[in-house]
Amino acid sequence: MSQAKLISGTQVANEIRESLKQKVADIKEDLPDFNPGLCIVQVGGREDSNVYIRMKIKAAKEIGIEAQHLQLPRTTTEIELLDKINSLNNDPNIHGIIVQMPLDCDTKIDSHKITDAVHPDKDVDGLHTMNEGRVSIGDLSGFMPCTPWGCIELIKRSGIQMAGANAVVLGRSKIVGTPAAELLKWHNATVTVCHSKTKNIEAICRTADILVVGIGVAEMVKGSWIKPGAVVIDCGINVKPDPTKKSGTRLVGDVDFEEAKLVASAITPVPGGVGPMTVAMLMENTVRSATKAAFNLLKKSWELAPLTLRPARPVPSDIVIARSQTPKDISMLAKEIGLLGNEVSLYGNKKAKIALSVMDRLKSRGDGNYVVVAGITPTPLGEGKSTTLIGLVQALCAHKQKNAVACMRQPSQGPTFGIKGGAAGGGYAQVIPMEEFNLHLTGDIHAVTAANNLLAAQLDTRIFHENTQKDQALYDRLVPRIKGERKFSKIQLRRLERLGINKTDPDSLTPEEMGKFARLDIDPATIMWERVVDINDRYLRQITVGQSPTEKGFTRTASFSISVASEIMAVLALAQNMEDMKTRLSKMVVAFDRKGNPVTADDLGVTGALTVLLKDALEPNLMQTLEGTPVLVHAGPFANIAHGCSSIVADEIALKLVGSEGFVCTEAGFGSDIGMEKFCNIKCRSSGRNPNAVVLVATVRALKMHGGGAPVTPGAPLNKQYTEENLELLEKGLPNLLQHISNGCSFGLPVIVAINRHSSDTDAEHELIKSAAVKAGAFAAVVCSHWSDGGAGASELADAVIKACENSKNFKLLYDSKMSLLDKMNTIAQKMYGAAKVELTETAQKDLEKLTNAGFGQLPICMSKTSGSLTGDASVKGAPKGFTLTVNSMYVSSGAGFVVAMCGEISKMPGLPTRPCIYDIDLNTETGEIEGLF
């Protein structure tokens, strides 16, 4: 009598494993640092579970999957287990999660709740309700339950056609019977499910061309139940006494194998049938999940759905335009650009913070093209640099289907409530919601303010305590005995190390060492650290502190700056990670001691506290444009008194998110002589990044001003010179544009001139600018109408940027860091401003010598000068040559990593005008809408 063909699960499983091994190798060829990850979670320590776990781990390692076994104690509670699973859900290195059942625990845990806690995208067991639901409706693209899927693979290898066959599934368990029936149905079999309440079960089984058995009763199905020639898949595994075996037992299935093999045409053995297939399909699901993750890393195009613009005529106010567009939910935008759920901290549904861990997850992805948007020397009204940045990115992303991110600074509230208004762009090229953007956003500037003022408070307090205490008393208070124990804090140990005192026991210091440790001996005349507030307040430009009787007469003249002028803001913008930020904060010099040595934030003991205040502020903020394209808003250093660029971490995250064929467009404050110069010489020197192109924003209005036009005054009507065609006046102003084009070329970058169209401009005026720009070496010069038309109005600009970046690899810095501070200043003044030389006042000369002697000579220079002129005098327009630039004073921002040279009268605290914007700003208490912002 012929016997059934054995369907070897072991053999098929081995074939699948070999195939998976190759798939993993293929992934690693594209992503060498990528490893598929599987985590098996076990509660308790049942030995039968341990056997299965060891089997899974062994199979995973053979394939190339990094498998880890997370074993939790029997005392684990449901909430603790859910917390562990949530952590694994959020781990980008884990692609598959298995919760080993049954749970061996002392407390009651709902197993269904646990399996549903595993994210559907990592549920490689296929037991999540969502994955089960997909199977039930015929969507087989998700994770299928491993045992039923293994059964289907074995049936395929039996040679029988499932389509049209009668299939009987014996058992309706969630893990085997029910999903097996669904899979058979979607393979076009006619399926009957039998269970404990089914009548005439034997007769029904005899109708089956395919019989799948998972009933959990040893050898229940006899040969008489089986239709001759049927295919039998036995999913059962039971232990049966067998005195002939050394163990005294043997494994059997739910089918009486010896009887069934005489009737069936093909049958799976137990063991060696379905069992190995379950593990193989588990590995298949894990590799499928890892492949999807790898694909997302390699994916070159986002699946981003732009928002539709419907430009109105005449163009309404910025606030009306902003409110006419409904922004996407920010979590949707985050997903579109490739961010994971745990990398996004939502602040409502229109803004979010992005975790720095994104950089590590995407480290193997190529970097995008890096474009800086700068401008010519602006009028007091501004020339639309932020608007152009937004319009360009809307064009690249929404119209050219390129991955593109705009990186912008967070605006200070000073200008928002002063005269300039907001900084969200304008017209149909804006960041929305503009109210959120221009006001508190996520509180980063407030965090900078708090950190800055904590350091200021500690500085003055330390001077006070040193003035009012003897060495021993001061030392005892700095290193107190608590519960009989006395020890140095970590930051105090660092100070001891800097002082060359190699001791860790506070009681072992000599009186001389105690005094050296306890006294910073700050010279109040050298204090460089100012308190800050994020509003314009002219009466804080010079104040006296310490006038209360409690301060015992220790007063000093001091001042406030606006918050964005704080060195901490520059540190936030230049830090590359949390550790780098902490190191930079520790190095900030607040004053010098009476011997001329720098006193740092670390000496004052505040580094850790500052880092804690700024921990969340280091994460960039995600917002969107009017066309639903991504914007990263982060940090806000002023360009005339600091380095004027958004953060390095925002740019780094964006460069990874867009990938090698994408574009990151970032802005640099004011004209190229200020913001772009510092972007290159300070920011790119610090980050090591090489930009690919410069977009230089110009307007007919600004060039006419530089040609000798009437003064441009905010709030006053424009002279008719600006609203009527005047080619002669425009031509006289062109040298300013040419100097800025030269500035970009000095860094080896292609310069694209973006002429921001105003309604009174004429074609002849535009043609004059374009012709002069190209003759001067610009890569291209294009007219843009993004203010009135959104991204569509910057389409030609986007094309020019794409083309300019194709072979742009000639970036170079303007000067070597080893040059003297004076030579660096001369290089900047001569090449960027057109000056003959810099001249130092007596004060600046002393500052220069002090900073050089203190070891700061190799830092880059941050020139703090007026934005209204290429010279140090805001009233001088055009592009004068051969002038002398006066440097009045110098100080170090050693945490930020540059030396500041103050040129001319630059105030770090703006004042309010006679009629500030606050007159128009109001809250509609009925609708909750903010009114009057622009």
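This structure is a prediction, so every number in the text was calculated from the model and none was measured. (Residues numbered from 1 in each chain as written. Predicted model: local features only at pLDDT ≥ 70, side-chain atom pairs only at ≥ 80, totals over all residues. Heavy atoms only, no water.)

1. Here's the deal with the overall build of the protein
Helices and strands together make up the secondary structure of the protein, namely 33 helices and 37 strands. A principal-axis box enclosing the C-alpha atoms of the protein has dimensions of 110 × 80 × 55 Å. The proportion of buried residues among the 934 residues of the protein is 56%. Long-range pairs, those at least 24 residues apart, make up 74% of the contacts in the protein with a sequence separation of at least 6. Taken as a whole, the protein presents about 38600 Å² of accessible surface, with 52% of it coming from carbon and sulfur. Distance between charge centroids for the protein: 2 Å, based on 102 positive and 102 negative side chains. (Helix = DSSP H or I, 4+ residues; strand = E, 2+ residues; numbered from the N terminus. Buried < 20%, exposed > 50% of the residue type's maximum accessible area, 1.4 Å probe, protein only. Contact = heavy atoms within 4.5 Å. Areas by Shrake-Rupley, 256 points an atom, 1.4 Å probe, with all protein chains shown as cover. Lys, Arg positive; Asp, Glu negative; His and termini not counted. Charge placed at Lys NZ, Arg CZ, Asp CG, Glu CD.)

2. Focus: the sheet that holds strand 1 (residues 5–6)
Reading across from one edge, 1-11-8-7-5-6 is the order of the 6 strands in this open sheet, with parallel pairing throughout. For this open sheet the edge positions go to strand 1 and strand 6 (190–194), each flanked by a neighbour on one side alone. Each of strand 1, strand 7 (210–213), strand 8 (231–234) and strand 11 (266–267) is contacted by helix 6 (residues 146–158), which is oriented at about 155° to strand 8, the strand it contacts most. (Pairing = 2+ DSSP bridges. Axes fitted to C-alpha atoms, helices over the stretch in contact; angles between N-to-C directions.)

3. Some details on the pattern of salt bridges
Pairs can form between side chains of opposite charge whenever their charged atoms are close. Scanning all chains against the criterion turns up 58 salt bridges. Measuring nitrogen to oxygen at the nearest pair gives 2.5 Å for the salt bridge that ties Glu343 to Arg361. Here Glu343 is found in the loop between helix 12 (330–336) and strand 12 (344–346), whereas its partner Arg361 is found in helix 13 (residues 357–361), with 18 residues between them in sequence. With respect to burial, Glu343 and Arg361 carry one shared label: buried. The partner of Asp799 in a salt bridge is Lys400, and the shortest N-O contact between them spans 3.0 Å. Of this pair, Asp799 sits in helix 31 (residues 795–804) while Lys400 sits in the loop between helix 14 (385–399) and strand 15 (404–408), and the two are 399 residues apart along the sequence. Overall, Lys400 belongs to the partly exposed group, its relative accessible area being 24%. If you follow the salt bridges from partner to partner, you end up with Arg494, Arg495, Arg498, Asp602 and Asp603 in one network. (Salt bridge = Lys/Arg side-chain N within 4 Å of Asp/Glu carboxyl O.)

4. Focus: the side chain of Thr666
Structurally, Thr666 can be placed in strand 28 (residues 663–671). Since its relative accessible area comes to 0%, Thr666 is described here as buried. Once residues within four sequence positions are removed from consideration, Thr666 is found in contact with Tyr370, Val371, Val372, Val373, Leu389, Cys407, Ser646, Asp651, Phe679 and Lys683.

5. Here we look at unusual backbone geometry
Between Arg313 and Pro314 the backbone carries a cis peptide bond, its omega angle lying at -5°. Along the chain, the position of Pro314 falls in the loop between helix 10 (274–298) and helix 11 (318–324). Geometrically, the link from Ile432 to Pro433 is a cis peptide bond, its omega value of -10° lying close to zero. Among the secondary structure elements, Pro433 is positioned in the loop between strand 17 (429–432) and helix 16 (434–438).

6. Some points on the sheet that holds strand 32 (residues 837–840)
Taking strand neighbours across the sheet as the criterion, the 4 strands line up as 32-34-35-33 in an open arrangement whose pairing is mixed. Two strands close off the open sheet at either side, each with one partner strand: strand 32 and strand 33 (861–864). Recorded for the sheet is a direction-independent mean angle of 40° between the axes of neighbouring strands. Bridge count for strand 34 (residues 884–893) against strand 35 (residues 898–903) is 6 bridges, and the pairing is antiparallel. The residue bridging Ser889 from the neighbouring strand is Met902, located in strand 35. Packing of helix 25 (residues 672–687) onto the sheet brings it into contact with strand 33 and strand 35, and relative to strand 33 it is tilted by some 160°. Against the sheet, helix 33 (residues 842–853) contacts strand 32, strand 34 and strand 35, and its axis sits at roughly 40° relative to strand 34.

7. What about helix 7 (residues 177–186)?
For helix 7, the buried fraction is high: 7 of the 10 residues fall into the buried class. Taken together, the buried residues of helix 7 touch helix 5 (129–136), helix 6, strand 5 (166–170), strand 6 and strand 7. Directly beyond the C-terminal end of helix 7, a positive phi value near 70° is found at Asn188.

8. Brief notes about a nonpolar patch on the surface
The grouping of Val51, Tyr52, Met55, Ile237, Val239 and Leu251 at the surface amounts to a nonpolar patch, some 510 Å² of accessible area in total. It is helix 2 (residues 47–63) that provides the largest number of residues to the nonpolar patch, a total of 3 residues. Its place among the elements puts Val51 in helix 2. Overall, Val51 belongs to the partly exposed group, its relative accessible area being 39%. (Patch = residues over 30% accessible without salt bridge, like charges linked within 9 Å, V, L, I, M, F, W, Y side chains within 5 Å.)

9. So, the environment of Pro148
Position of Pro148 among the secondary structure elements: in helix 6. For Pro148, a relative accessible area of 0% corresponds to the buried category. As for Pro148 and Leu184, which are separated by 36 residues in sequence, their C-alpha atoms are 9.2 Å apart.

10. Some words on the pairing of strand 14 (residues 369–375)
Among the 7 residues that make up strand 14, 7 are buried, leaving the element largely enclosed by the rest of the structure. Taking every second residue as pointing to the same face, both faces of strand 14 are buried, with Asn369, Val371, Val373 and Gly375 on one and Tyr370, Val372 and Ala374 on the other. Alignment of strand 14 against strand 28, held across 6 bridges, turns out to be parallel. Residue pairing for strand 28: Asn369 is matched across the bridge by Phe663.

11. With respect to the UniProt feature "domain: Tetrahydrofolate dehydrogenase/cyclohydrolase NAD(P)-binding" (unreviewed entry) in the protein
Look at the UniProt record and you will see "domain: Tetrahydrofolate dehydrogenase/cyclohydrolase NAD(P)-binding" (unreviewed entry) annotated at residues 145–292. Here residues 145–292 runs as 34% helix and 19% strand, with 18 Å between its end C-alpha atoms. (UniProt positions renumbered as here; feature names shortened; annotations may be inferred.)

12. Quick notes on the side chain of Gln100
Here Gln100 is to be found in the loop between strand 4 (96–99) and helix 4 (111–117). Residue classification places Gln100 among the buried residues on the basis of a relative accessible area of 5%. Engagement of the side chain of Gln100 in a polar contact is seen with the side chain of Lys56, the distance being 2.9 Å. Apart from residues lying up to four places away in sequence, Gln100 is in contact with Ile40, Val41, Gln42, Ser49, Tyr52, Ile53 and Lys56. (Polar contact = N/O pair within 3.5 Å; in protein donor to acceptor, adjacent residues only side chain to side chain.)

13. Describing the nonpolar core
By size, the foremost hydrophobic cluster in this structure holds 188 residues, and its most contacted members are Leu737, Val753, Leu797, Met825 and Met890. If sequence neighbours within four positions are ignored, Met825 has contacts with Val838, Leu840, Leu848, Ile861, Met863, Val887, Met890 and Ala901. If you look at the next biggest cluster of nonpolar residues, it comprises 50 residues, including Leu38, Met144, Val169 and Cys235. (Core = buried A, V, L, I, M, F, W, Y, C linked by side-chain atoms within 4.5 Å.)

14. Focus: the domain arrangement of the protein
Domain boundaries in the protein define domain 1 (5–283), domain 2 (318–443 + 617–806), domain 3 (445–614) and domain 4 (821–902). Taken together, the contact between domain 3 and domain 4 spans 12 residues of the former and 12 residues of the latter. Roughly 850 Å² is buried in total at the junction of domain 3 and domain 4, and carbon and sulfur atoms are behind 66% of that figure. Interface area lost by domain 3 to domain 4 is led by Met528, Glu567 and Phe592, which between them contribute 46%. Remark: the boundary between domain 3 and domain 4 carries 0 salt bridges. (Domains from an automatic or database assignment. Buried area = accessible area lost by both parts, 1.4 Å probe.)

15. A short note on the packing of helix 17 (residues 444–468) against helix 23 (residues 607–614)
Two elements in contact, helix 17 and helix 23, have axes whose closest approach is 9 Å; the angle formed by their N-to-C orientations is 165°. As far as their axial angle goes, helix 23 and helix 17 are roughly antiparallel. Of the two elements, helix 17 crosses helix 23, and the hand of that crossing is right-handed. Residues Ala447, Val448, Ala450, Ala451, Leu454 and Leu455 of helix 17 form the contact with helix 23, whose own contacting residues are Ala609, Leu610, Leu613 and Leu614. (Parallel < 35°, antiparallel > 145°, perpendicular 65-115°, else oblique. Left-handed = near helix turned anticlockwise from the far one by under 90°.)

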